[in-house]
Structures are given as C-alpha cells and as structure tokens.
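Results of the structural survey
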Amino acid sequence: MEKLLIFDYDGTIHETMRIYEPAFRSTFAWLVENGWAKEREIPARQVAGWLGMNSREMWQSFLPELPEPVQRKAAAMTGHVMAEGIRAGKAAWYPGAEEALDRLKAEGYTLVVLSNCRVEYRRTSWEVFGMGKWFSEFYDCETYGFAPKTEIIREVEKKYGPPSAVIGDRRSDLDCAKAAGCPFIGCAYGFGTSKELEGASALAESVRELPELASRLLLNNKI
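Summary of the structure given here.

Conventions used here
Residues numbered from 1 in each chain as written. Predicted model: local features only at pLDDT ≥ 70, side-chain atom pairs only at ≥ 80, totals over all residues. Heavy atoms only, no water. Helix = DSSP H or I, 4+ residues; strand = E, 2+ residues; numbered from the N terminus. Buried < 20%, exposed > 50% of the residue type's maximum accessible area, 1.4 Å probe, protein only. Contact = heavy atoms within 4.5 Å. Lys, Arg positive; Asp, Glu negative; His and termini not counted. Charge placed at Lys NZ, Arg CZ, Asp CG, Glu CD. Polar contact = N/O pair within 3.5 Å; in protein donor to acceptor, adjacent residues only side chain to side chain. Phe/Tyr/Trp six-rings, centres within 6.5 Å; stacked < 30°, edge-to-face > 60°. Salt bridge = Lys/Arg side-chain N within 4 Å of Asp/Glu carboxyl O.

1. A word on the overall build of the chain
Within the chain, the regular secondary structure consists of nine helices and six strands. Its C-alpha atoms give the chain principal-axis dimensions of about 55 × 30 × 30 Å. The 223 residues of the chain split such that 53% are buried. Partitioning the contacts of the chain with sequence separation of at least 6, the portion at a separation of at least 24 is 64%. Across the chain, 28 positive and 32 negative side-chain charges occur, with their mean positions spaced 1 Å apart.

2. Brief notes about the side chain of Gln71
Within the element layout of this structure, Gln71 appears in helix 4 (residues 68-87). For Gln71, a relative accessible area of 9% gives the class buried. In this structure the side chain of Gln71 is engaged in a polar contact, spanning 3.3 Å, whose partner is the side chain of Gln60. Residues contacting Gln71, with those up to four places away along its chain left out, are Arg56, Trp59, Gln60, Leu63, Pro64 and Leu66.

3. Things to note about the packing of aromatic side chains
Where two aromatic rings form a pair, the distance of their centres and the angle of their planes describe that pair. Here the structure, examined in full by the defined rule, presents 15 aromatic pairs. Ring plane angle 20° and centroid distance 6.0 Å describe the contact between Phe24 and Phe28, whose orientation is recorded as stacked. Of the two residues, Phe24 and Phe28 both sit in helix 1 (residues 17-33), four residues apart, roughly one turn of that helix. Seen in terms of ring centroids, Trp93 and Trp134 are 5.5 Å apart; in terms of plane orientation they differ by 50°. Their pairing is tilted. Here Trp93 is found in the loop between helix 4 and helix 5 (97-106), whereas its partner Trp134 is found in the loop between helix 6 (119-128) and strand 3 (135-140), with 41 residues between them in sequence.

4. Notes on the pattern of salt bridges
Pairing of side chains with opposite charge becomes possible as their charged atoms draw close. According to the stated counting rule, one finds 15 salt bridges in the structure shown. Two residues, Glu137 and Lys159, come together in a salt bridge whose shortest N-O distance is 2.9 Å. Of this pair, Glu137 sits in strand 3 while Lys159 sits in helix 7 (residues 149-160), placing them 22 residues apart in sequence. Lys159 gets classed as exposed once you look at its relative accessible area, which sits at 53%. Among the salt bridges present, the one from Glu157 reaches Arg154, with a minimum N-O distance of 3.0 Å. Taken together, the positions of Glu157 and Arg154, both in helix 7 and three residues apart, correspond to about one turn of that helix. Residue classification places Arg154 among the partly exposed residues on the basis of a relative accessible area of 36%.

Written out as structure tokens, the structure is:
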C-alpha cells in the first residue's frame, strides 16, 4: 500500500495572503466602482478567513446579495489576479516547505494536493513552483464543479488508494480526513482557527515539522 499524504495548499504550503489580499481588494474596488458594493473597511483577518473556502463559498459568505453572475465574475477576477501575481514572482511558499517536501519524498511518501482553488491558479502554481518535483497530482475544486473536498477525495482514492493522512489548516481539511477515515495533521501556522483544528491527530506549528509528525504517526501505527 502506498504511503499517501494529501496536502491542502493555501495556508499549508503556500503563504497565500501575499497575493490573495491584493487580488481581493482589487476586485472589491471594482465592485464598489460599479455600484455592486459599498465602500467599507475590511480587516486583513477577515480576508485571511476566506482562504480555504472555494470561491463560490467565499463570495456567497461575503456578499450573498450579489447576483450570481456578478459573484462568478468577481471570483474569476480575483483568481486571475492571483495567477498573475504568481507569474510575477510575488507568491511564496512558507520557509522550509521545499526542504520538508524533499524529506517526505525521500522517505517514500506519495504526495498529492487537494485544494479549493480554481484551474488557472492550480496550473500556474504547478508550473511556476515546479510542483511536479514533489507532487504526483494537484486536484482543484473547479474541475469538479466546486464540490467539497469530502467528495473530491473519493477521486483521489480511486487512483491512489486510501490516504495515510490529510494535512491542512482548515476545518474542510479535517472533514476531508474524517471522510477518508485517516489521520489529520493540522497546520496551526495557517489560516484556520484553533477551534477548527480540534480533533487533529497532530498539530504542526511550522511546515518544517510535517515530516517528523508524519513519521511519528507511522511509527505509532496510526498510518
């Protein structure tokens, strides 16, 4: 059986606020300019809280009164600006992420990403960061009609078998692990709250801790 680790991306590997906050604020300015929203202050903490949601959930949560076509356009605009930011070199992974992934690959793990992101974002991240060096595949939710991770993980299992663990920073990742019946490593350094990560098999305070935590779970016969 493969030692399969399913990674979330934003807040787990990618320090996403570097590009997400400017992209969101650009889209919000467009909404205000075109009369779809009223100008107001939106704290960075609130913006960070949307990371981990898929784009439909985010806009429905933030501005549910927006007509659906406008929500879709706002989501696409934000995603496109994020992809442009990646191509412009404005994006960054957490310090130590590459070294942690190197170690996991060396220890024989198969690594897959499952993210609530859009296709353009997935493709751009894969290319610019050279993610094929570590990951066998990157699953995005847009390809699956913005289905929840608890459903998309079934597609991962069909191809790779049952996961050894899910790694992520939000409640949706914990729910994903529960759906797969596997351990969950919560990333306390990400964008989720401590309450969201209650019930995790282990907590990482840094991306650098992930290989050790995965190995510890394996030795304890929990993987």
